[in-house]
Amino acid sequence: SQASFEEDSQKQPAVEHWKTLMPSKGSKEEPETGCQDAGGVDETQSTEQLNVSRLRSSSVEIREKGSEFLKEELCKAQKELKLKDKECERLSKVREQLEQELEELTASLFEEAHKMVREANTKQAASEKQLREARGKIDMLQAEVTALKTLVITSTPSSPNRELHPQLQSPSKAVFRKGHGRNKSTSSAMVSAASQNMTPEPVSRECKEVDSILFAEFQAWKESPTLDKSSSFLDRIYREDVGPCLDFTKQELSELVRAAVEQNTLTIEPVASQTLPMVKASAEECSGPKKCALSGLPRTCKHRIMLGDSANYYYISPSCRARITAVCNFFTYIRYIQQGLVRQDVELMYWEIMRLRREMSLAKLGFYPSEM
């Protein structure tokens, strides 16, 4: 029996291993005798082997089921994690979009507010400027209407007012006024003409003859008076008188002066009556009281001009001032005709325009009163 036990032990090493780990009580109590028969040993060994195999199979099954369960849970967790990541990404994009829209909306609101403030300031400044201009025009128009009323009432073709027409007075009684009686080019042409007589003329009657072409052009213009150069009447005067009279050495400044005269925005004032602080421009533009800005020649400049609302002043010589004044007087008179302020016969208007054209021609040639 001992031999068969050893043989069985060699054939089944697992059972031998189990037996060594868990020996029976008989072997421990009677290691020397070994008093178990072969049939009992075989039955015990088979039972033990069956139990071991069952334990192993159940252990393997538990492990497999556990691993499968864990894999399923892991897959579920991964899927849920992916869904949460996608949701977080979507919410993050929504938040970024909302923040961007909020920033754009804020920026547009601020920009619109600033734009409204700028427009309001611009409109306010324009309104204030228009108000000042309107008040100035009202004052000037009132003065001009008063002067015209005086002229019409006190001077008629049959009995002209000698005080308003000093050229009709004798040399001993002629009164000449000094200075420029106007700051704006809209001042009265009649008063300025009376205040800017040149040299005393002897008492003599001039021989005058109406030019039929010029008179016809004036009559056509008088039907619908306008300041547009397209009419043959004004086109001729621009070419023959206004253009040459305002053609100075400094071409760029000459163009500005001509535009200011046409737009009625030119101001002439004596240098001694300077009340506003002079804004310094370049030496070529503003020059100095000893250099004319229009001719560029060294001259004693007693007056200065300002163009429109510009803060720059330009010193001008007496000759340049006489030329500008002659053109301003002409434009003032035709504006009076256009506005219906001159109540005279057509022929008298024509001869007054011819006189103003003669003043422009003389000023262009360099003749001007010594008072300038």
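The name given to the protein chain in an unreviewed UniProt entry is R3GEF factor, with the source organism recorded as Corythaeola cristata. Under the UniProt heading Sequence similarities (unreviewed entry), the note attached to the protein chain is "Belongs to the SEC2 family."

Peer 1: Where do I start with the overall build of the protein chain in this structure?
Peer 2: On a plain count of helices and strands, the protein chain comes out with 11 helices and three strands. Its helices and strands in sequence order give the protein chain the pattern α-α-α-α-α-α-α-α-β-α-β-β-α-α, from N to C terminus. Residue burial in the protein chain is summarised as follows: out of 372 residues, 28% are buried. Looking at the protein chain alone, contacts between residues at least 24 apart form 70% of all its contacts between residues at least 6 apart. Accessible surface computed for the protein chain: about 25,000 Å², of which carbon and sulfur atoms make up 55%.

Peer 1: Would you mind showing me how to read the pairing of strand S2 (residues 303-307) here?
Peer 2: For S2, a buried count of five out of five residues is recorded, marking the element as mostly surrounded by other parts of the structure. When S2 meets strand S3 (residues 313-316), the two strands line up antiparallel, connected through four bridges. Residue pairing in the sheet places His303 in a bridge with Ile316 of S3. Between S2 and S3, which pair antiparallel and follow one another directly, the connecting turn spans five residues, one of which, Gly308, has a positive phi of 65°.

Peer 1: Is there a simple way to explain unusual backbone geometry in this structure?
Peer 2: The bulk of non-glycine residues show a negative phi, and the bulk of peptide bonds are trans. Its identity as a non-glycine residue notwithstanding, Asn264 has a phi of 65°, on the positive side. Mapped onto the fold, Asn264 is located in the loop between helix H8 (251-263) and strand S1 (266-270). The exposure class assigned to Asn264 is partly exposed, which follows from its relative accessible area of 22%.

Peer 1: Whenever I open this one, H8 confuses me. Can you help?
Peer 2: One turn of the α-helix equals 3.6 residues, which is why residues spaced by three or four share an orientation. With 13 residues, H8 should reach 18 Å at 1.5 Å per residue; the first-to-last C-alpha distance of 18 Å fits that figure. Those residues of H8 that are buried lie in contact with S1, S2, S3 and helix H10 (318-339).

Peer 1: Help me understand the packing of aromatic side chains in this model?
Peer 2: How two aromatic rings sit relative to each other is set out by the distance from centre to centre and by the angle between their planes. Under the definition given, this model contains eight aromatic pairs. When the centroid spacing of 5.3 Å and the interplanar angle of 85° are considered together, the rings of Phe215 and Tyr350 count as edge-to-face. Taken together, the positions of Phe215 in helix H6 (residues 212-223) and Tyr350 in helix H11 (residues 346-365) put the pair 135 residues apart, joining distant regions of the chain. With relative accessibility at 17%, the residue Phe215 sits in the buried group. Taking 6.0 Å as the distance between ring centres and 70° as the angle between the ring planes, the aromatic pair formed by Tyr238 and Phe331 counts as edge-to-face.

Peer 1: Can you help me understand the nonpolar core in this one?
Peer 2: Grouped burial of nonpolar side chains is what soluble globular proteins tend to show. Counting 48 residues, the largest nonpolar core has Val242, Leu266, Leu294, Ile305, Ile324, Phe330 and Ile353 as its most contacted members. If you list the elements that add at least two residues to this core, you get H6, helix H7 (232-245), H8, S1, S2, S3, H10 and H11. Top element by residues in this core is H10. It accounts for 11 residues.

Peer 1: Can you walk me through a negative patch on the surface in this structure?
Peer 2: On the surface, a cluster of negative charge is made up of Glu61, Glu64, Glu68, Glu72, Glu73 and Glu80. The topology assignment puts Glu73 in helix H4 (residues 38-154).

Peer 1: I would appreciate a short explanation of the packing of H7 against H10 in the present structure.
Peer 2: Helix packing for two helices is described by the angle between their axes and how far apart those axes are. Where H7 contacts H10, the axes come no closer than 9 Å and their chain directions differ by 155°. If you check the angle between H7 and H10, you find them roughly antiparallel. Residues Leu234, Ile237, Tyr238, Val242, Pro244 and Cys245 of H7 lie in contact with H10, whose contacting residues are Arg323, Val327, Phe330, Phe331 and Ile334. A breakdown of the residues in the contact of H7 with H10 according to their chemical character gives 10 nonpolar, no polar and one charged.

Peer 1: How should the sheet that holds S2 be read in this particular structure?
Peer 2: Pairing between the strands of a sheet comes from backbone hydrogen bonds, and it takes one of two forms, parallel or antiparallel. Read across the sheet, three strands follow the order S1-S2-S3 without closing on themselves; strand pairing throughout is antiparallel. Each end of this open sheet is capped by a strand with a single partner; those strands are S1 and S3. Taken pair by pair, the neighbouring strands of this sheet meet at an average axis angle of 30°, ignoring direction. This element, H8, spans S1, S2 and S3 of the sheet and lies at about 75° to S2.

Peer 1: Would you explain the state of the cysteines in this entry?
Peer 2: One way to say it: the disulfide is the covalent bond shared by the sulfur atoms of two cysteines. Enumeration over the complete set of coordinates arrives at zero disulfides. Free of any disulfide, Cys320 has its nearest cysteine sulfur in Cys292, 3.6 Å distant.

Peer 1: How should the confidence of the model for the protein chain be read in this particular structure?
Peer 2: Reading fine detail from the predicted coordinates is not recommended where pLDDT is low. Averaged over all residues, the pLDDT of the protein chain equals 76, while 69% of them reach at least 70. For residues 273-287, every residue scores under 50 in pLDDT, and the model assigns this stretch 23 contacts once sequence neighbours within four places are set aside.

The rules behind the values
Residues numbered from 1 in each chain as written. Predicted model: local features only at pLDDT ≥ 70, side-chain atom pairs only at ≥ 80, totals over all residues. Heavy atoms only, no water. UniProt positions renumbered as here; feature names shortened; annotations may be inferred. Helix = DSSP H or I, 4+ residues; strand = E, 2+ residues; numbered from the N terminus. Buried < 20%, exposed > 50% of the residue type's maximum accessible area, 1.4 Å probe, protein only. Contact = heavy atoms within 4.5 Å. Areas by Shrake-Rupley, 256 points an atom, 1.4 Å probe, with all protein chains shown as cover. Pairing = 2+ DSSP bridges. Expected span 1.5 Å × (residues − 1). Phe/Tyr/Trp six-rings, centres within 6.5 Å; stacked < 30°, edge-to-face > 60°. Core = buried A, V, L, I, M, F, W, Y, C linked by side-chain atoms within 4.5 Å. Patch = residues over 30% accessible without salt bridge, like charges linked within 9 Å, V, L, I, M, F, W, Y side chains within 5 Å. Salt bridge = Lys/Arg side-chain N within 4 Å of Asp/Glu carboxyl O. Lys, Arg positive; Asp, Glu negative; His and termini not counted. Charge placed at Lys NZ, Arg CZ, Asp CG, Glu CD. Axes fitted to C-alpha atoms, helices over the stretch in contact; angles between N-to-C directions. Parallel < 35°, antiparallel > 145°, perpendicular 65-115°, else oblique. Nonpolar A, V, L, I, M, F, W, Y, C, P; charged D, E, K, R; others polar. Disulfide = S-S within 2.5 Å. pLDDT = per-residue confidence, 0-100.

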